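Overview (structure and organization)
Single-letter residue listing:
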Amino acid sequence: MAEEILFQKYLEREDFKLITNRDFVIPIENYLFEEQKRNTALLKLKHRTRLLCENNTSIQFILEEGCINHCTFCKYNYLDMYVKSVPYNKALEHLKSLIQNGTKSITLSGENTSLFGIDLSGKPMLHQFVHDLSLVDGLERINLYEVCPQNMYPELLTEIIKNPKVYCVEMQLEMAPNRLLGLMNRNHTIEEHLYYVKSIQESGKFVKTILMCSFPTETYEDLDYTIDIIQKNKILVEHICRYSDFACIPSHKLEQLSYHESRRHASYLRNQIALINKEIMLDAIPNMQNSIVIGKTNNKVFLDNFVNGYSFRKEYQDCNVGDSISDKPRTLVRNKNLKYTYNYKW
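Notes on the structure in this doc start here. If you're wondering where the values come from, they're calculated on a predicted model, not measured in any experiment.

**Let's talk about the pairing of strand β8 (residues 166–171)**
- The element β8 is largely enclosed, with a buried count of six among its six residues.
- Of the pairings in the sheet, the one linking strand β7 (residues 141–147) to β8 comprises four bridges and is parallel in character. The partner of L144 across the bridge, within β8, is V169.
- Each parallel crossover has a hand, and the one from β7 via helix α6 (residues 154–162) to β8 is right-handed.
- Here three bridges tie β8 to strand β9 (residues 206–213), and the two strands are oriented parallel to one another. Paired with C168 across the two strands is F206, which belongs to β9.

So, in structure tokens, the structure goes:
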């Protein structure tokens, strides 16, 4: 009933009838309706579970919805979307049942996964959930995605560092210059972000990130600084999203890049990051010998944490899905359909 009242409240707001930018026009009532449907399915755990290969060897599970950070480019500046976490025990029992049926690698994600549990107990509980999940026999690997540096807390960092089953952490960066981080209202500095990166990497874990290009006032000097940070600290870039402007977000008030400037920035960053990604994946991946085979075709083998566009040709053809490999791969192949950049529409 409360959600229906909230939904109706937005439909009555004249200024939110349409969301527009250069690329699209979306009726806000359609978007809100989809959000409402997704949130009413909060307890339908199978709807929050996504297979990352042709079987359930590797899965992704959405632990929570919503965020409280209010970054200036984000939809939460106009949606009252508070954090909604899946009940702790229900999520744990659901994942336990999957592990008993063959799941070996679990990626925990959300819209801000580091906030999981604050609506349940008044404090974040991701560290405890990771610890309890890691105790389940049969689970070999835990990956954490959508972890925000400004919401990192000591207990979570300690659990990531000390838990042997935690393999990969994706921490959003957007851009490296502190000037842009301030304009984005990210509430952390690049120095803080790199402290977490170094702490995690030194414990033998793997760090990924997401970048944003074409943010208002961005320059090529900002792009070069970000590229240098990524390369020196060996951070794999999972995605590059291109900023999209529309009237409902605070960053709309900033000086925007032109359409052609935006495309040039995106192309420049994409080409540089593609080279760095391949270098990192070939030469600087910790604990690579413990990866799990999660899929095969006639001439390629897919390993967990390499499903974002890279695969391995001819090697490990004798392995079955679910097997762990014992040596570092040598032949890295970039799939032709890999798309680094996409428009950030919300």
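Don't stop here, the text continues.
**Overview of α6**
- Among the residues making up α6, those that are buried are L156, L157, E159 and I160. All buried residues of α6 fall inside an arc of 160° around its axis, so they share one side. Facing away from the buried surface of α6 by more than 90 degrees, the exposed residues are P154 and K162.
- Buried residues in α6 make contact with α5 (126–134), β7, β8 and α8 (190–202).

**Things to note about the pattern of salt bridges**
- This model, assessed by the stated rule, comprises seven salt bridges.
- Between R179 and D222 there is a salt bridge, and its shortest N-O distance comes to 2.6 Å. Here R179 is found in helix α7 (residues 178–183), whereas its partner D222 is found in helix α9 (residues 220–232), with 43 residues between them in sequence.
- When its relative accessible area of 8% is taken as the criterion, D222 is described as buried.
- Residues K208 and E238 are paired through a salt bridge, measuring 3.1 Å at the closest nitrogen-oxygen approach. Placement of the pair is K208 in strand β9 and E238 in strand β10 (residues 236–243), with a sequence separation of 30 residues.

**A look at the environment of L180**
- Inspection of the secondary structure assignment puts L180 in helix α7.
- Between the C-alpha atom of L180 and that of F215, which follows or precedes it by 35 residues, the distance is 8.1 Å.
- Those residues in contact with L180 that lie beyond four places of it in its chain are M175, F215, P216, T217, E218 and D222.

**A few points about the packing of α5 against α6**
- Where α5 contacts α6, the axes come no closer than 8 Å and their chain directions differ by 25°. Taken together, α5 and α6 sit at an angle that is classed as roughly parallel. Contact residues: L126, H127, V130 and H131 in α5; E155, L156 and E159 in α6.
- Taken together, the residues of the contact of α5 with α6 break down into three nonpolar, two polar and two charged.

The rules we used
Residues numbered from 1 in each chain as written. Predicted model: local features only at pLDDT ≥ 70, side-chain atom pairs only at ≥ 80, totals over all residues. Heavy atoms only, no water. Buried < 20%, exposed > 50% of the residue type's maximum accessible area, 1.4 Å probe, protein only. Helix = DSSP H or I, 4+ residues; strand = E, 2+ residues; numbered from the N terminus. Pairing = 2+ DSSP bridges. Right-handed = clockwise from strand over helix to strand, strands pointing away. Arc of directions from axis to C-beta. Contact = heavy atoms within 4.5 Å. Salt bridge = Lys/Arg side-chain N within 4 Å of Asp/Glu carboxyl O. Axes fitted to C-alpha atoms, helices over the stretch in contact; angles between N-to-C directions. Parallel < 35°, antiparallel > 145°, perpendicular 65-115°, else oblique. Nonpolar A, V, L, I, M, F, W, Y, C, P; charged D, E, K, R; others polar.

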